[in-house]
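Architecture at a glance
Okay, here's what each chain looks like letter by letter:
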There are 4 protein chains.
Amino acid sequence: MEQPKLPYSLNSKKVADATRAWLHKRGVNLNEIAELVMMLQQKYYPNLTMEECLDNVEKVLLKREVQNAVLTGIQLDILAEQGLLIPELQDMIENDEGLYGVDEILAFSIVNVYGSIGFTNYGYVDKLKPGILERLNDKSLGPIHTFLDDIVGAIAASASSRIAHRKQAEREVQNGEPSV
Amino acid sequence: MEQPKLPYSLNSKKVADATRAWLHKRGVNLNEIAELVMMLQQKYYPNLTMEECLDNVEKVLLKREVQNAVLTGIQLDILAEQGLLIPELQDMIENDEGLYGVDEILAFSIVNVYGSIGFTNYGYVDKLKPGILERLNDKSLGPIHTFLDDIVGAIAASASSRIAHRKQAEREVQNGEPSV
Amino acid sequence: MEQPKLPYSLNSKKVADATRAWLHKRGVNLNEIAELVMMLQQKYYPNLTMEECLDNVEKVLLKREVQNAVLTGIQLDILAEQGLLIPELQDMIENDEGLYGVDEILAFSIVNVYGSIGFTNYGYVDKLKPGILERLNDKSLGPIHTFLDDIVGAIAASASSRIAHRKQAEREVQNGEPSV
Amino acid sequence: MEQPKLPYSLNSKKVADATRAWLHKRGVNLNEIAELVMMLQQKYYPNLTMEECLDNVEKVLLKREVQNAVLTGIQLDILAEQGLLIPELQDMIENDEGLYGVDEILAFSIVNVYGSIGFTNYGYVDKLKPGILERLNDKSLGPIHTFLDDIVGAIAASASSRIAHRKQAEREVQNGEPSV
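As a starting point, this report considers the structure included with it. (Residues numbered from 1 in each chain as written. Chains lettered and ligands numbered in written order. Predicted model: local features only at pLDDT ≥ 70, side-chain atom pairs only at ≥ 80, totals over all residues. Heavy atoms only, no water.)

**Here's the deal with the relation of the copies chain C and chain A**
The following threshold applies: What sets the superposition is a least-squares fit of C-alpha atoms, and only residues with pLDDT of at least 70 in both copies go into it. When checking whether two residues touch, look at their non-hydrogen atoms; a contact exists if any pair is within 4.5 Å.
For the pair chain C and chain A, the best superposition has an RMSD of 0.0 Å and corresponds to a rotation of 180° with a translation of 0.0 Å parallel to the axis. Given the turn and translation reported, the copies of this chain are related as if by a two-fold rotation axis. Identified as the residue of chain C closest to the rotation axis by C-alpha distance is Ile105(C), at 3.7 Å. Looking at the interface residues of chain C, 100% of them are also at the interface in chain A, so both copies use one shared face.

Below, the structure written as structure tokens:
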């Protein structure tokens, strides 16, 4: 007997789990994103720990806007690897065309969730490509990561913004200031 | 004996309080923003209450990006009323020049915090100017609200996005789905 | 003998042509976008003609950011129709999930090119869904247009912004003001 | 006999002229912005000249969105110098508070006009603060440039994007490809 098709209903846990699973499948270890965060923030917070960085990366990944951008970007990378895109789009994504900026647009939808203070950190890591970003951006390695490298940089920038907001709150509590 | 000047340190509570105080001083009652939210959302959530709408408006106002945009926008409105701006800027803000879009830009920095799903609601209320927005936009009444009307619409759109996210979470809990 | 693969080099004309061809294949007639523009702008410019509206739509389509967004959005719609997406993404795009906002993000990358004055027009048509947008948004008709309806609204909003800028320039020339 | 007040009508030339005049008054030489552009672009275009960089900076400054952001940002810097702002806003702008991001938001409205490909360049120069940005960002020098340093970086990033688009067009013409 056939199973009747259930009406669509968003299942947030499935979307969240798929986001983490696909980052993993595409070779992204969350610890490597945490390392980018540490690189961006340690000069401001000398006592910042890798645990805190990782925890903030995990929190960023719980935001639905972030999950939507991650899944959509990885999807386009995969389809480009499989050669399944409209030829003109295929060419631009496969070759990480400089005048194709949809990857930056998806990245910005991630950064925006934690506000404009993350813009600078995003641009900085996206230009310098430290750590994991160098590997993701290496065109000689086979997989296409036109979207993923920008997305990973954006997650790191967002986690950095989240830390800046949290550290301010901690400071105010320590100073005995009334909380908001 | 003179009081030595204390080094600057952000006081989040003061910024949050100033945001609410200035909205009030400029004639914005949070209940009126809640009414915009109700107007935008009741067709999707027939059981939505004014208390929920107001509560979501209050939560939006706790976000620092929102506070920054509110204070900056109201500041520019006030200075335009006082005639204190650079003449060319004075002219554009005083007359709500159609080709001056910094008011929309500040409004968007508010909407963005709750993600792109608020874009449409913002544009819709900003065009139709229902309720409080009609009053704020009435040029015959004296005060200049070039920024404030867009900001109020953006707060309503953000609160609407926040409700959409919350309602989905409630639905999943009711369905006994595992939470994220 | 095999044809050696040519090194990649962006061909702008091909991208521009593909953009127009795919809009056509997906059932979008540029005249229908021009009608949206007319609807948005005629109250401000009573002498505005359909020719002008169409001409402005055509000019918007020459912008590369616009072409990138159009091709990427249509691509995702098509792949959703074919059921080729990651299951969680497939579900969200196929059902035009309210909490999936990448369609609005791509639309905004179009509107942004002509500046923030288009934000309001975009939100307005996206909410009211007049003319062609009603058809594109009708879920009973078969094709998936989760991205395309937002993109068409964004092109109309951009063309409206372009007209607002041009009309101001015309007015200044008529007034004999020195040009910039 | 009193001069009757003329009805308001935007004068684009005045706005454009004020933009250039105020950049100059605030110590910004357009050649210094051109130097930032050269720094960002010379590795991609070894034959790029300072004349081209300067010409592209000038073209960016003709865009109204850019003029609006420049005038509004400089205005807020000046008022902060004069101590005329709402106390909480005064504190944040005077001290270039890290959690105040309206300066980045205005900067982004400039970058956006030339599309998302400028995001990275903006973030990069804003983080490294080369050349003129180091001077503008030096808090020991007196003037407050909380907005201006981000705005100057954004103009340089926009001019870089403009160059990238133009160079592609030139390349295609040289290759004898049909133009769009």
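**Things to note about the environment of Glu104(B)**
Residue and element names in this part refer to chain B. The test is simple: Strands here are runs of E lasting at least two residues and helices are runs of H or I lasting at least four, both read from the DSSP assignment and numbered beginning at the N terminus. Only protein chains enter the accessibility calculation, which uses a 1.4 Å probe. A residue is then buried if its area is under 20% of the maximum for its type, exposed if over 50%, and partly exposed in between.
Residue placement: glutamate 104 occurs in helix α6 (residues 102-111). Exposure remark for glutamate 104: the relative accessible area of 11% places this residue in the buried category. With 42 residues separating them along the chain, glutamate 104 and threonine 146 place their C-alpha atoms 9.6 Å apart.

**Points about the relation of the copies chain B and chain C**
By a simple turn and slide, chain B fits onto chain C: the slide is 0.0 Å along the axis, the RMSD is 0.0 Å, and the turn is 180°. A shared interface surface links the copies, since 100% of the contact residues of chain B are contact residues in chain C too.

**Some remarks on helix α1 (residues 12-25) of chain A**
Heads up, the rule is: The span you would expect from a helix comes to 1.5 Å times its residue count less one. In this description, the arc belongs to the directions extending from the helix axis to the C-beta atoms. The definition of a polar contact used here is a pair of N or O atoms within 3.5 Å, where within protein one atom must be able to donate a hydrogen and the other to accept one, and adjacent residues in sequence count solely through side-chain atom pairs.
Look at α1(A): 20 Å from first C-alpha to last across 14 residues, which is about the 20 Å you get at 1.5 Å a residue. For α1(A), every residue scored as buried is listed here: Ser12(A), Val15(A), Ala16(A), Ala18(A), Thr19(A), Trp22(A) and Leu23(A). Buried residues of α1(A) fall within an arc of 160° about the axis and therefore sit on the same side. The exposed set on the far side of α1(A), more than 90 degrees from its buried face, consists of Lys14(A), His24(A) and Lys25(A). Among the structural elements, α2 (30-41), α4 (64-81) and α9 (148-174) of chain A, α9 (148-174) of chain B together with α5 (87-94) of chain C are those in contact with the buried residues of α1(A). A distance of 3.1 Å separates the backbone nitrogen of Lys13(A) from a side-chain oxygen at the start of α1(A), and that oxygen is part of Asn11(A).

**Some thoughts on the nonpolar core**
Among soluble globular proteins, nonpolar side chains are generally buried collectively. We apply this condition: Think of a nonpolar core as a cluster: buried Ala, Val, Leu, Ile, Met, Phe, Trp, Tyr and Cys residues, connected wherever their side-chain atoms sit within 4.5 Å.
Ile155(A), Ile155(B), Ile155(C) and Ile155(D) are the most contacted members of the largest nonpolar core, which has 252 residues in total. Ile155(B) has contacts with Ile33(B), Val57(B), Val60(B), Leu61(B), Val66(B), Val70(B) and Ile110(B), leaving out every residue within four places of it along the chain.

**Quick word on the interface of chain B and chain C**
As a reminder of what qualifies: Buried area is a sum: the accessible area each of two parts loses on coming together, probed at 1.4 Å, counted once for each and added. In what follows, salt bridge is the name for a side-chain nitrogen of Lys or Arg lying within 4 Å of a carboxyl oxygen of Asp or Glu. Note that Gly is not counted as nonpolar here; it falls among the polar residues with everything else outside the nonpolar set of Ala, Val, Leu, Ile, Met, Phe, Trp, Tyr, Cys and Pro and the charged set of Asp, Glu, Lys and Arg.
Each partner contributes residues to the interface: chain B has 23 residues there, and chain C has 23 residues. Taken over both partners, the interface formed by chain B and chain C buries close to 1900 Å², and the fraction arising from carbon and sulfur atoms is 69%. Area buried by chain B at its contact with chain C is led by Leu99(B), Thr120(B) and Lys127(B), which between them contribute 34% of it. Summed over the shared surface of chain B and chain C, the result is 0 salt bridges. Along the contact surface separating chain B from chain C lie 6 residue pairs in polar contact (both at pLDDT 80 or more). Elements supplying a minimum of two residues to the side of chain B that touches chain C: α6, α7 (119-128) and α9 of chain B. The greatest single-element share of the side of chain B that touches chain C, amounting to 9 residues, is contributed by α7(B). By residue class, the composition of the side of chain B that touches chain C is 12 nonpolar, 8 polar and 3 charged.

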